[in-house]
Amino acid sequence: SVVMDVTNFELLRDVAPGECVFVPLDGHKTIHTQICAEDTILSPCLFEYVYFARPDSILDGAPVYEARLNMGTKLADKIIRLHDVEE
């Protein structure tokens, strides 16, 4: 989402699982999309949220910073539960 803002493009929507986006090389602004795979599911990559994306990005409709905070909370809860750590 951030790269769209920085380069003055408009974010229309996320690309769906199994979808291809065809961008014309001749400068026309019209793009074409097509579903190229059947029976797909949304399967976000953890590395995208943790390492690659900027904190102010939005991935799959979720703010990256908030997603990181939530993942950290869940990880801390798991560590406390598994290692009998006192809060």
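Each chain carries its own residue numbering, running from 1 in the direction its sequence is written. Only residues with pLDDT of at least 70 are given local features in this predicted model, and only at 80 or more are side-chain atom pairs given and counted; all residues enter the totals for whole chains, interfaces and linings. Neither water nor hydrogens contribute to the side-chain values; these are computed over all heavy atoms in the structure.

Undergrad: Could you give me a rundown of the nonpolar core, with the residues and numbers involved?
TA: The set of buried Ala, Val, Leu, Ile, Met, Phe, Trp, Tyr and Cys residues whose side-chain atoms join them within 4.5 Å is what this entry labels a nonpolar core. Residue burial is assigned from relative accessible area. The probe radius is 1.4 Å, only protein chains are included, and a residue is buried under 20% of its type maximum, exposed over 50%, and partly exposed in between. Among the nonpolar cores identified, the biggest contains five residues, and these are Tyr-49, Ala-53, Leu-59, Val-64 and Ala-67. Contacts were defined at the residue level, with two residues in contact if any of their heavy atoms lie within 4.5 Å. If we skip the residues at most four places from it in the chain, Val-64 touches Tyr-49, Ala-53, Arg-54, Pro-55, Ser-57, Ile-58 and Leu-59.

Undergrad: Any details on the pattern of salt bridges? Residues and values, ideally.
TA: Put simply, a salt bridge is a Lys or Arg side-chain nitrogen that is within 4 Å of an Asp or Glu carboxyl oxygen. Overall, the coordinates contain two salt bridges when judged by the stated rule. The shortest N-O distance in the salt bridge between Arg-13 and Glu-19 comes to 2.6 Å. Given a relative accessible area of 13%, Glu-19 falls into the buried group. Between Asp-56 and Arg-54 there is a salt bridge, and its shortest N-O distance comes to 2.8 Å. In this structure Asp-56 comes out as partly exposed when scored by relative accessible area, which is 47%.

Undergrad: Pulling in residues and values, what's your account of the side chain of Glu-19?
TA: Helix and strand assignments follow DSSP, with helices taken as H or I runs no shorter than four residues and strands as E runs no shorter than two, numbered in order from the N terminus. Mapped onto the elements, Glu-19 comes out in strand β1 (residues 19-22). Side-chain polar atoms of Glu-19 contact the side chain of Thr-33, separated by 3.3 Å. Filtering out sequence-adjacent residues up to four positions away, Glu-19 remains in contact with Arg-13, Asp-14, Thr-33, Gln-34 and Ile-35. Polar contacts, as used here, are pairs of N or O atoms within 3.5 Å; protein pairs need one atom able to donate a hydrogen and one able to accept it. Residues neighboring in sequence count only if both atoms are side-chain atoms.

Undergrad: Give a detailed account of unusual backbone geometry, specifying residues and quantitative values.
TA: A positive phi angle, close to 50 degrees, is found at Asp-39, a residue other than glycine. As for its position among the elements, Asp-39 is in the loop between β2 (32-35) and α2 (46-52). Relative accessible area serves as the criterion here: at 79%, Asp-39 is assigned to the exposed category. Not every positive phi belongs to a glycine, and Asp-60 is a case in point at roughly 50 degrees. With respect to the helices, strands and loops of the structure, Asp-60 is situated in the loop between β3 (58-59) and β4 (62-63).

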